[in-house]
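One letter stands for each residue in the lines below.
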Amino acid sequence: DTAVSQTPKYLVTQMGNDKSIKCEQNLGHDTMYWYKQDSKKFLKIMFSYNNKELIINETVPNRFSPKSPDKAHLNLHINSLELGDSAVYFCASSHSARGHEQYFGPGTRLTVT
Amino acid sequence: QQQVKQSPQSLIVQKGGIPIINCAYENTAFDYFPWYQQFPGKGPALLIAIRPDVSEKKEGRFTISFNKSAKQFSLHIMDSQPGDSATYFCAAFFGGSYIPTFGRGTSLIVHP
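Keep in mind the model is a prediction, meaning the values are calculated, not measured. (Residues numbered from 1 in each chain as written. Chains lettered and ligands numbered in written order. Predicted model: local features only at pLDDT ≥ 70, side-chain atom pairs only at ≥ 80, totals over all residues. Heavy atoms only, no water.)

**Q** Any chance you could explain the side chain of A:Thr108 here in plain terms?
**A** Residues and elements named next belong to chain A. Among the secondary structure elements, Thr 108 is positioned in strand β11 (residues 108–112). Of note is the side chain of Thr 108, whose polar atom sits 3.2 Å from the side chain of Gln 6. The residues contacting Thr 108, other than those within four sequence positions of it, are Gln 6, Thr 7, Pro 8, Lys 9, Leu 11, Ile 21, Ala 87, Val 88 and Tyr 89. (Helix = DSSP H or I, 4+ residues; strand = E, 2+ residues; numbered from the N terminus. Polar contact = N/O pair within 3.5 Å; in protein donor to acceptor, adjacent residues only side chain to side chain. Contact = heavy atoms within 4.5 Å.)

Written as C-alpha cells, this is what we have:
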C-alpha cells in the first residue's frame, strides 16, 4: 500500500543510452512532480503535472521528457544520457489545492558510466 | 533572490540534546516554509511547516521558530533521539506557487 512508488530503485547505464523511470501514486492526488537530488543532496524541482498537463518546467535539458498517461502516473524519459545526469530522481505528488504538501517517493538512483 | 541558506551543514548531538537548524531567505514573497526529514535511501518527508503570520509552531518534539523581520526560521528538535538522525531540509514557497526552493540540507547525528 505504498503511497508513491518508483521503479526502478537503481539504474546503471552507459552514456548515450535512453532510459525511463516510472512513478505511480495511489493517494488520489491530481498533481505530480519530478525532482533531482545531486551528489551533494541538493534538491531541485524539474517538472510538475496537473491532471496530465505540464504546469511547471524548470530549466531542464530537453533530453528529459515527462509523460503522464493518467493522474496516477508520471514517467520520466531521458534521452542520450550524460555523466552529469547521475543523481537520485524523486517523484512526488500532491493535491492541487494543497500543493505545498508534497509526498515523495523513495527515489531512483541513476548512475551513468 | 530565490536562495534559501541553511546552516549548519552537519550537526552532532547527544541523545536528549536540542539540535537547532537555521535557514535564512531574502525574498519576502516567500509565504510558506516547510521542513523535510530524509533518511538514507528514502525520499524527503514533510515534517512541519509554518506561514509568516505565525512566530512559532510546535508538533510533538519538533518546533519551528519564525522571525519575519530577520527573514529567518529555524527547526528545534526537543529531547532528540538516535532515530532522529537524518538529513533535514528547509524550503520556501512563493505565494501561489508550488515550486519549492530548498536549503542545502543539514546532516544530523544523534548519539545514544
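Back to the write-up after that little detour.
**Q** I'm lost on the state of the cysteines in this one. Help?
**A** By definition, a disulfide links two cysteine residues through a covalent bond between their sulfur atoms. Applying the stated criterion to the full structure yields two disulfides over all chains. The disulfide partner of A:Cys23 is A:Cys91, and the gap between their sulfur atoms is 1.8 Å. Disulfide A:Cys23-A:Cys91: the torsion about the S-S bond is -75°, which places it as left-handed. Taken together, the positions of A:Cys23 in strand β3 (residues 19–25) and A:Cys91 in strand β9 (residues 87–94) put the pair 68 residues apart, joining distant regions of the chain. We classify A:Cys91 as buried; its relative accessible area is 0%. For B:Cys23, the disulfide goes to B:Cys90, at an S-S distance of 1.9 Å. In this structure, the disulfide formed by B:Cys23 and B:Cys90 twists by about -95° around the S-S bond and is classed as left-handed. Here B:Cys23 is found in strand β3 (residues 20–25), whereas its partner B:Cys90 is found in strand β9 (residues 86–94), with 67 residues between them in sequence. On the basis of relative accessibility, which here comes to 0%, the residue B:Cys90 falls in the buried class. (Disulfide = S-S within 2.5 Å. Buried < 20%, exposed > 50% of the residue type's maximum accessible area, 1.4 Å probe, protein only.)

**Q** In this structure, what is going on with the sheet that holds strand β1 (residues 4–7) of chain A? I would like to understand it.
**A** Pairing between sheet strands relies on hydrogen bonds along the backbone, with the strands arranged either parallel or antiparallel. All names here are of chain A. Read from one edge to the other, the open sheet built from four strands follows the order β1-β3-β8-β7, with strand pairing classed as antiparallel. Looking at which strands have only one partner, the edges of the open sheet turn out to be β1 and β7 (64–70). Across this sheet, the average inter-strand angle for adjacent strands is 20°, counted without regard to direction. Bridge analysis of β7 against strand β8 (residues 73–78) gives five bridges, and the strand direction is antiparallel. Each bridged residue has a counterpart across the sheet, and for Pro 66 the counterpart in β8 is Leu 76. (Pairing = 2+ DSSP bridges. Axes fitted to C-alpha atoms, helices over the stretch in contact; angles between N-to-C directions.)

**Q** Please clarify how the nonpolar core should be interpreted in this entry.
**A** Taken as a class, soluble globular proteins show a tendency for nonpolar side chains to be buried jointly. B:Phe33, B:Trp35, B:Phe73, B:Leu75 and B:Tyr88 are the most contacted members of the largest nonpolar core, which has 25 residues in total. For this core, the secondary-structure elements that each account for two or more residues are β2 (10–14), β3, β4 (30–38), β5 (45–50), β7 (62–67), β8 (72–77), β9 and β11 (106–111) of chain B. The element best represented in this core is β9(B), accounting for five residues. Once residues within four sequence positions are removed from consideration, B:Leu75 is found in contact with B:Pro19, B:Ile20, B:Ile21, B:Trp35, B:Leu47, B:Ile48, B:Phe62, B:Thr63, B:Ile64 and B:Tyr88. Counting 20 residues, the second-largest nonpolar core is a separate cluster that includes A:Val4, A:Ile21, A:Phe47 and A:Leu110. (Core = buried A, V, L, I, M, F, W, Y, C linked by side-chain atoms within 4.5 Å.)

**Q** Looking at this model, I keep getting lost on the pairing of β9(A). Mind explaining?
**A** On a regular strand, one side chain projects to one face of the sheet and the next to the other, so that they alternate. Residues and elements named next belong to chain A. Burial analysis of β9 places eight of its eight residues in the buried class, which makes it a mostly covered element. Side chains of β9 alternate between two faces, with Ala 87, Tyr 89, Cys 91 and Ser 93 and Val 88, Phe 90, Ala 92 and Ser 94 buried alike. Sheet topology places β9 next to β11; three bridges connect them, and they run antiparallel. Bridging across to β11, Tyr 89 finds its partner in Thr 108. Bridge analysis of β9 against strand β10 (residues 103–104) gives two bridges, and the strand direction is antiparallel. Bridge assignment links Ser 93 to a residue of β10, and that residue is Tyr 103.

**Q** What should I look at first to understand unusual backbone geometry in this one?
**A** A cis geometry characterises the amide bond from A:Thr7 onward to A:Pro8, with omega recorded as -5°. Checked against the element boundaries, A:Pro8 lands in the loop between β1 and β2 (10–13). Positioned with a positive phi, A:Ser80 is a non-glycine residue whose angle comes to about 45°. Relative to the helices and strands, A:Ser80 resides in the loop between β8 and β9. For A:Ser80, a relative accessible area of 37% puts it in the partly exposed group. Unusually for a residue other than glycine, B:Asp79 sits at a positive phi of about 45°. Relative to the assigned elements, B:Asp79 resides in the loop between β8 and β9. According to the relative accessible area criterion, B:Asp79 is partly exposed, its value standing at 42%.

These figures come from the coordinates and say nothing about function on their own.
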